[in-house]
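# Results of the structural survey
Spelled out, the chains give:
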Amino acid sequence: METTIETDERPRVYLETYGCQMNITDSQLVAAVLSRAGFASAARPEDADVILLNTCAIREHAEERVLGRLSDLARLKHRRPELRLGLLGCMAQHNRAALVEKAPYLDLVAGPDAYRRLPEMLGRAGFDAQVDVRLDRAETYGDISPAHDGGVRAYVTVMRGCDKFCAFCVVPYVRGRERSVAPEDVLREVRELAARGVREVVLLGQTVNAYRFGDVDFAALLRRVAAVEGIERVRFTSPHPSDVSDAMIEAMATEPRIQPYLHLPVQSGSNRVLAAMERGYTVERYLELVARLRRAIPGLALSTDIIVGFHGEAERDFEETLALMRAVGYDQAFTFKYSLREHTRAFKLGDTVSEEEKSRRLAEVIALQESISLERNRALLGERFAVLIEGPARRGNGMLAGKTPQFKTAIFASARGLAPGDTVTVRVDDATAHSLACSLV
Ligand code: 5AD
Ligand code: SF4
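This is a predicted model, so every value here is computed, not measured.

### Here we look at the pairing of strand S18 (residues 399–403)
Two faces, one strand: in a regular strand the side chains alternate between the faces of the sheet. When you tally the buried positions in S18, you get four out of five residues, the bulk of the element. Bridging between strand S17 (residues 384–392) and S18 involves four bridges; their strand directions are antiparallel. The residue bridging Gly391 from the neighbouring strand is Ala401, located in S18. The turn joining S17 and S18, which pair antiparallel and follow one another in sequence, is formed by six residues; a positive phi near 70° is taken by Gly396. The turn linking S18 back onto strand S19 (residues 409–413) is made up of five residues, and Phe407 within it adopts a positive phi angle of 65°.

### Re the site of ligand 1
Close to ligand 1 lie Ile58, Arg59, Phe168, Gln267, Asp305, Ile307, Phe336, Lys337, Tyr338, Ser339 and Arg341. In the model, an oxygen atom of ligand 1 is placed 3.1 Å from a nitrogen or oxygen of the Arg59 side chain. Within the backbone of Ser339, an N or O atom sits 2.8 Å from a nitrogen atom of ligand 1. Burial of ligand 1 by the protein chains amounts to 86% of its free accessible area of 400 Å². For the shell around ligand 1, the secondary-structure elements that each account for two or more residues are strand S15 (301–308) and strand S16 (332–337). Here the shell around ligand 1 is composed, by residue class, of five nonpolar, two polar and four charged.

### Concerning the pattern of salt bridges
According to the stated counting rule, one finds 37 salt bridges in the structure shown. Asp185 is the partner of Arg188 in a salt bridge, and the nearest nitrogen-oxygen pair spans 3.5 Å. Highlighted residues: Arg188 and Asp185, both in helix H7 (residues 183–195), separated by three residues, approximately one helical turn. Classification of Arg188 as partly exposed rests on a relative accessible area of 24%. Assessed through its relative accessible area of 22%, Asp185 is described here as partly exposed. The network of salt bridges with common partners includes Glu313, Glu315, Glu357, Arg360, Arg361 and Glu364.

### Overview of the nonpolar core
Ranked by size, the top nonpolar core spans 57 residues in total, and within it Val158, Val201, Leu203, Leu222, Val225, Phe236 and Tyr286 carry the most contacts. The greatest single-element share of this core, amounting to six residues, is contributed by helix H8 (residues 218–226). Built from parts of two domains, this core gets at least three residues from each of domain 2 (150–259) and domain 3 (264–379). In this structure, Phe236 is in contact with Val202, Leu203, Val208, Phe218, Leu222, Met248, Met252, Ile258 and Leu262, ignoring residues within four places of it in sequence. If you look at the next biggest cluster of nonpolar residues, it comprises 20 residues, including Leu85, Ala92, Leu106 and Val109.

### Looking at the environment of Ala129
With respect to the helices and strands, Ala129 occurs in the loop between helix H5 (118–124) and strand S6 (130–132). Residue Ala129 is classed as partly exposed on the basis of its relative accessible area of 36%. It is 24 Å that separates the C-alpha atoms of Ala129 and Glu139, two residues lying ten residues apart in sequence. Not counting chain neighbours up to four residues away, the residues in contact with Ala129 comprise Val100, Leu106 and Asp107.

### Concerning the domain arrangement of the protein chain
Interfaces are often sized by the amount of accessible area the parts lose when they come together. For the protein chain, the assigned domains read domain 1 (12–132), domain 2 (150–259), domain 3 (264–379) and domain 4 (384–440). On the side of domain 2, 14 residues touch domain 1, which itself brings 13 residues to the contact. Along the contact surface separating domain 1 from domain 2 lie three salt bridges. The partner of Asp113 in a salt bridge is Arg179, with the nearest N and O atoms 3.0 Å apart. Seen at the junction of domain 1 and domain 2, the total is four residue pairs in polar contact (both at pLDDT 80 or more). Going through the elements one at a time, helix H1 (21–36) and helix H3 (90–95) are the ones with two or more residues in the side of domain 1 that touches domain 2.

### Quick word on the side chain of Glu63
If you trace the backbone, Glu63 turns up in helix H2 (residues 60–79). Judged by relative accessible area, which is 8%, Glu63 ranks as buried. Other than its neighbours up to four places away in sequence, Glu63 contacts Cys56, Ala57, Met91, His94, Asn95 and Arg341.

### Side note on the environment of Thr55
With respect to the helices and strands, Thr55 occurs in strand S3 (residues 50–55). We classify Thr55 as buried; its relative accessible area is 0%. One polar contact links the side chain of Thr55 to the main-chain amide nitrogen of Met91, over a distance of 3.1 Å.

### Re the packing of helix H12 (residues 315–328) against helix H13 (residues 355–378)
Their axes nearest at 10 Å, the elements H12 and H13 cross at an angle of 15°. With respect to H13, the axis of H12 lies roughly parallel. As H12 packs across H13, the resulting crossing turns out to be right-handed. Seen from H12, the contacting residues are Glu315, Phe318, Leu322, Met325 and Arg326; seen from H13, they are Glu357, Arg360, Arg361, Glu364, Val365, Leu368, Gln369 and Ile372.

### Examining H12
Helix length check: H12 (14 residues) gives 20 Å between terminal C-alpha atoms against 20 Å at 1.5 Å per residue, within 8%. Inspection of H12 places Asp317, Phe318, Thr321, Leu322, Leu324, Met325 and Val328 among the buried residues, and these make up the whole buried set. Projected onto a plane normal to the axis of H12, the buried residues spread over an arc of 160° and lie on a single side. With respect to the buried face of H12, the exposed residues turned more than 90 degrees away are Arg316, Arg326 and Ala327. The inward-facing, buried residues of H12 abut helix H10 (271–277), helix H11 (283–296), S15 and H13. Directly beyond the C-terminal end of H12, a positive phi value near 70° is found at Gly329.

### Let's talk about empty space enclosed by the protein
For the coordinates displayed, the defined rule picks out one cavity of 30 Å³ or more. Estimated volume of the largest cavity: approximately 120 Å³. Around the largest cavity sit 15 residues that line it, and Thr140, Tyr141, Ile144, Thr157 and Glu189 are the ones nearest its centre. Broken down by secondary-structure element, the contributors of at least two residues to the lining of the largest cavity are H1, strand S7 (153–157) and H7. In the lining of the largest cavity, the residues fall into seven nonpolar, four polar and four charged.

Thresholds applied
Positions within a chain are numbered from 1, following the residues in the order the chain's sequence is written. As they are written, the chains are lettered A onward and the ligands numbered 1 onward, keeping that order. At least 70 in pLDDT is required for a residue's local features to be given in this predicted model, at least 80 for side-chain atom pairs to be given and counted, and no such filter applies to totals for whole chains, interfaces and linings, which use all residues. Each side-chain value is worked out from all heavy atoms of the structure, with water and hydrogens disregarded. Here's how the labels work: a residue is buried when its accessible area is under 20% of the maximum for its type, exposed when over 50%, partly exposed in between, all with a 1.4 Å probe on protein chains only. Every helix listed is a DSSP run of H or I at least four residues long, and every strand listed is a run of E at least two residues long, numbered separately from the N terminus. Two strands make a pair as long as DSSP finds a minimum of two bridges between them. The near set for a molecule or strand comprises every residue that places at least one heavy atom within 4 Å of it. Pairs of N or O atoms are called polar contacts if they sit within 3.5 Å, as long as, within protein, a hydrogen donor faces a hydrogen acceptor (for residues adjacent in sequence, only side-chain-to-side-chain pairs). Throughout, the Shrake-Rupley method with a 1.4 Å probe supplies accessible areas, and for residues the shown protein chains are the sole cover considered. Each residue receives one of three labels: charged for Asp, Glu, Lys and Arg, nonpolar for Ala, Val, Leu, Ile, Met, Phe, Trp, Tyr, Cys and Pro, and polar for the others, Gly being one of them. The working definition used for a salt bridge is a side-chain nitrogen of Lys or Arg within 4 Å of a carboxyl oxygen of Asp or Glu. Side-chain atoms within 4.5 Å are what join buried Ala, Val, Leu, Ile, Met, Phe, Trp, Tyr and Cys residues into a set we call a nonpolar core. Start and end positions for the domains come from either an automated domain assignment or a database one. Contacts between residues were defined by any pair of non-hydrogen atoms, one from each residue, lying within 4.5 Å. Geometry is summarised by axes, namely lines fitted to C-alpha atoms with helices restricted to the contacting stretch, and by angles between N-to-C directions that run from 0 to 180 degrees. Here is the rule for angles: anything less than 35 degrees is roughly parallel, anything more than 145 is roughly antiparallel, 65 through 115 is roughly perpendicular, and the remaining ranges are oblique. By definition, any crossing whose near helix is turned counterclockwise from its far helix by less than a right angle is left-handed, and any crossing with a clockwise turn is right-handed. For a helix, the expected span equals 1.5 Å multiplied by the residue count minus one. This arc corresponds to the set of directions leading from the helix axis out to the C-beta atoms. Cavities and pockets are defined on a 1 Å grid built over the protein atoms alone: a cavity is a set of grid points where a 1.4 Å probe fits but cannot escape, while a pocket is an open set with protein on both sides within 12 Å along at least five of seven lines, and lining residues are those with an atom within 4 Å of any such point. Grid points are joined across faces, edges and corners, and a volume is the space filled by probe spheres set on the points.

Right, dumping it as structure tokens:
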């Protein structure tokens, strides 16, 4: 028998992703665009003909990490000058052509609305650096299904961009205006995912509940997605407190597939700081909203984002943030030191809180949240939850892991016949601030 060994002549792309879930999903979109155009994927930078970094600009630290990584990769290019090196995403948009001066070995700089044009840009790269940072208020990539990673959970982008312009945030400048994906495109993608074994979808958007396409609002979209056959769980992130509608709460309260968990960024517990941040709500209104959500949705879990050390944040403002964290009792909090970002409204105001003081405040919010998370998780001892199995637990030794409806990680011993995608009932035996040790019932 004759065997022929085929060599794959396609150019190979290595893609590395920084930042939020939206970027991870955008990288899957880029992978789909490039695969369609005849590129193969490389598992390591050493094996690649093209290296692309999909980047984040939300804080200065994120940009510094990427610049460090870039100069490492530049050494590879020094050895192999035909290697193409590109930077995608928010940092590309934020720094634009200036990047090519900072990092002259870059062949390509592409913002979040330029991904459709990547194949032609790569075709031309190598002669002149290709820069495409045009924002396009109509681009939703609605017709492109991102490459799926094979897990039981998938993230589906339903809206892009942001119109809120919070004073600290660079997102509206780097991701452009708010725009929603047509519901037919969302539903097509969700159906494709369900057919490939996905059981849980997370609808994604910078202010996801601002979704609107024609007369389909976010609540209507949630209900349509929840009705797709094969999909057992629906989640979404991140909603903006000002865009929470009665219809959204009603959908969460009445549609059993929509899971009882919300990430509801508050940023600060001081009305003075919230006003300076231009968040569009007060502490009182936020707390009212939390109470309304908890009345309507039993067992609701809440997480949040908090920034410490924003311009003008005095000690008593910071203490109000601690008080708000205690009053709400979040299940989890993502906490950040304020980072001054060029282009934003707060940039010209500068920093008023020293780096040391920011670090002290950050350590304090983290410690407080650890104790609240632990207390809330320990209150669940003995309770039962439905867990969608995702796969082996990270610590291994025969344990399985999955999420409760409240998006808490449950870990339990495997049993014969169980597989990812199955839902089991577990009882909570023990808890840390970050996970629940459970047994099957
Ligand atoms: N500095 C610190 N944190 C920020 N975030 C957004 N912009 C900044 C900034 N300039 C945080 C917010 C947001 C989360 C995604 O990142 O808390 O909700
Ligand atoms: Fe940034 Fe505010 Fe928009 Fe969130 S809502 S992405 S914090 S501008």
